[in-house]
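Results of the structural survey
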Amino acid sequence: MNSIKPPHIPGASDAARRDSPCLAQPWAGVRRSLPKLLGASARDESSGRLIWLASFPKSGNTWMRALLLNLMADRSEALNIRELRLPLPIASSPEPFEDVTGLDPSLLTREEIEMLRPALHDILARTVGSLCFVKTHDAWVANAAHTPILGQGAKAAIYMVRDPRDVAVSWAHHFDCTIAEAVHAVNGERLDDPDPLPGGPRRLLRRYQEGWSDHVLSWLDQTCIPVFPVRYEDLKADTAARLRAVADFADMNASDEQISEAAARSDFRVLAAQEQSTGFHERVSRFSPFFREGKTGQWHEALSEHQARDIVTRNGDVMRRLGYLP
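A short tour of the structure in this document, coming up.

Analysis parameters
- Residues numbered from 1 in each chain as written.
- Predicted model: local features only at pLDDT ≥ 70, side-chain atom pairs only at ≥ 80, totals over all residues.
- Heavy atoms only, no water.
- Helix = DSSP H or I, 4+ residues; strand = E, 2+ residues; numbered from the N terminus.
- Buried < 20%, exposed > 50% of the residue type's maximum accessible area, 1.4 Å probe, protein only.
- Contact = heavy atoms within 4.5 Å.
- Phe/Tyr/Trp six-rings, centres within 6.5 Å; stacked < 30°, edge-to-face > 60°.
- Lys NZ or Arg CZ within 6 Å of the ring centre and 35° of its normal.
- Polar contact = N/O pair within 3.5 Å; in protein donor to acceptor, adjacent residues only side chain to side chain.
- Axes fitted to C-alpha atoms, helices over the stretch in contact; angles between N-to-C directions.
- Parallel < 35°, antiparallel > 145°, perpendicular 65-115°, else oblique.
- Left-handed = near helix turned anticlockwise from the far one by under 90°.
- Salt bridge = Lys/Arg side-chain N within 4 Å of Asp/Glu carboxyl O.
- Pairing = 2+ DSSP bridges.
- Expected span 1.5 Å × (residues − 1).

1. Digging into the overall build of the protein
Summing up its helical and strand segments, the protein has 13 helices and four strands in all. In the protein, buried positions account for 54% of the 326 residues. For the protein, restricting intrachain contacts to residue pairs at least 6 apart in sequence, the fraction spanning at least 24 positions comes to 79%.

Next up, the structure:
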């Protein structure tokens, strides 16, 4: 795959300090900033420095988050996985929606929620005064008013992408489903949202995942914000080099030593050992850990020839574009 030159993010350099409030400011603190922001325009130039950390599920989003948070932390040791919390919840969380709108999303139609979400995300983008990453598994889609569901207030996006055949393997372990069901999900043939809040009183807002190809193209081909794609396989092969590229894209002004330390502290084996010791709040499976193996090419053993061919048939064009097929 050819290297991609990161696009410039206007005005980001001053905001991307390593002591960013992004690491420390809890959602409760962000909530207190909301009232004065409710009347601001979506394209207010004083908006914050929000960068989407986007991906189709099971593509390395959480690993990238660990890398970035360890890079931003002013600590002499690795963050524990219990500390891998961003100040703003995942974009599909109902909590900010309720706090900003004063409405219970369970009482609204899907169309009504879609019309409100862009303004919600634009408001949240203005609550951050320094660099802040926000996780999303939503595809980049628009509502009936032709406004992006995720708004227009973000500065940029980092998009994690992974071979869809390996995504299917990870999906099956994460959601305790069969490989066949995971292949259907990757191919966009599963209509329900597979990721409710397990055992919780509320589900996530509907997420616009589409199939793997549609999700990838929605982000890479949109022209609203700069997007920097990172292949999981490249991150695995040379973690420090890809983290350096991401840090440069986000104007994080990190030294080579800081990059190397963050890569070592976010090593998959470190994260897996921490989960075994303390557990991880994002684990869904009853049988498999969240940080299971993190290997590439597992589909060779896990998928049947028919299942692998089915994924290629549905996603071959985009897989070739990203270097997963010759």
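2. What about the packing of aromatic side chains?
Applying the stated criterion across every chain yields a total of six aromatic pairs. Three or more aromatic residues joined by ring pairs form one cluster here, namely Trp140, Tyr159 and Trp219. Arg162 extends its terminal NZ or CZ atom over the ring of Tyr232, reaching a point 4.1 Å from the ring centre. Sitting over the ring of Trp63, Lys236 keeps its end group 5.9 Å from the ring centre.

3. Quick look at the side chain of Ser55
With respect to the element layout, Ser55 can be found in strand E1 (residues 49-55). Take Ser55: its relative accessible area is 0%, and that puts it in the buried class. Here Asn61 takes part through its side chain, which lies 3.2 Å from a polar atom of the side chain of Ser55. Ignoring anything within four residues of it in the chain, the contact list for Ser55 reads Asn61, Thr136, His137, Tyr159, Met160 and His215.

4. Quick notes on the packing of helix H7 (residues 212-220) against helix H13 (residues 305-321)
Where H7 contacts H13, the two axes come as close as 8 Å, and the packing angle between them is 40°. With respect to their mutual orientation, H7 and H13 come out oblique. In the crossing of H7 with H13, the sense of the turn from one axis to the other is left-handed. The residues of H13 that touch H7, namely those facing Trp212, Ser213, Asp214, Val216, Leu217 and Leu220, are Arg314, Asn315, Val318, Met319 and Arg321.

5. Remarks on the pattern of salt bridges
Taken as a whole, this structure holds ten salt bridges when the rule is applied. Note that Arg231 is salt-bridged to Asp234, the shortest N-O span being 3.1 Å. Given a relative accessible area of 12%, Arg231 falls into the buried group. The shortest N-O distance in the salt bridge between Asp317 and Arg320 comes to 3.8 Å.

6. Observations concerning the sheet that holds strand E2 (residues 131-136)
Taken in spatial order, the four strands line up as E2-E1-E3-E4 in an open sheet, and their pairing is parallel. Two strands close off the open sheet at either side, each with one partner strand: E2 and strand E4 (227-231). Taking each pair of neighbouring strands and ignoring which way they run, the sheet shows an average axis angle of 20°. Inspection of the sheet shows E1 paired to E2 by six bridges, in the parallel sense. Residue pairing in the sheet places Leu50 in a bridge with Cys132 of E2. Sitting on the sheet, helix H9 (residues 239-249) touches strand E3 (156-161) and E4, and the angle it makes with E4 is about 170°.

7. Considering unusual backbone geometry
Its identity is not glycine, yet Lys58 carries a phi of approximately 65°, on the positive side. Owing to a relative accessible area of 14%, Lys58 belongs among the buried residues under this scheme.

8. Some words on the pairing of E4
The buried fraction of E4 is high, at five of five residues. Both faces of E4 are covered, namely the face carrying Val227, Pro229 and Arg231 and the face carrying Phe228 and Val230. In the sheet, E3 pairs with E4 via five bridges, with the strands oriented parallel. Its bridge partner lying in E4, Ile158 is registered against Phe228.

9. Overview of the environment of Ile51
Note that Ile51 resides in strand E1. Judged by its relative accessible area of 2%, Ile51 is buried. When the C-alpha atoms of Ile51 and Val227 are compared, they prove to be 9.3 Å apart, with 176 residues separating the residues in sequence.

10. Observations concerning the pairing of E3
Along E3, six of the six residues are buried, which leaves the element largely enclosed by surrounding structure. Going residue by residue along E3, you find Ala156, Ile158 and Met160 tucked away on one face and Ala157, Tyr159 and Val161 tucked away on the opposite face as well.

11. Overview of the environment of Ser260
Within the secondary structure, Ser260 sits in helix H10 (residues 256-265). On the basis of relative accessible area, Ser260 is assigned to the partly exposed category, the value being 42%. Along the primary structure Ser260 and Leu71 are separated by 189 residues, whereas in three dimensions their C-alpha atoms are 9.0 Å apart.

12. Side note on the side chain of Asn61
With respect to the secondary-structure elements, Asn61 resides in helix H2 (residues 61-72). Those residues in contact with Asn61 that sit more than four places away from it in its chain are Leu53, Ala54, Ser55, Lys135, Thr136, His137 and Met160.

13. Examining H2
Helix length check: H2 (twelve residues) gives 16 Å between terminal C-alpha atoms against 16 Å at 1.5 Å per residue, within 8%. Burial analysis of H2 places twelve of its twelve residues in the buried class, which makes it a mostly covered element. Residues of H2 that are buried include every one of Asn61, Thr62, Trp63, Met64, Arg65, Ala66, Leu67, Leu68, Leu69, Asn70, Leu71 and Met72, and no others.

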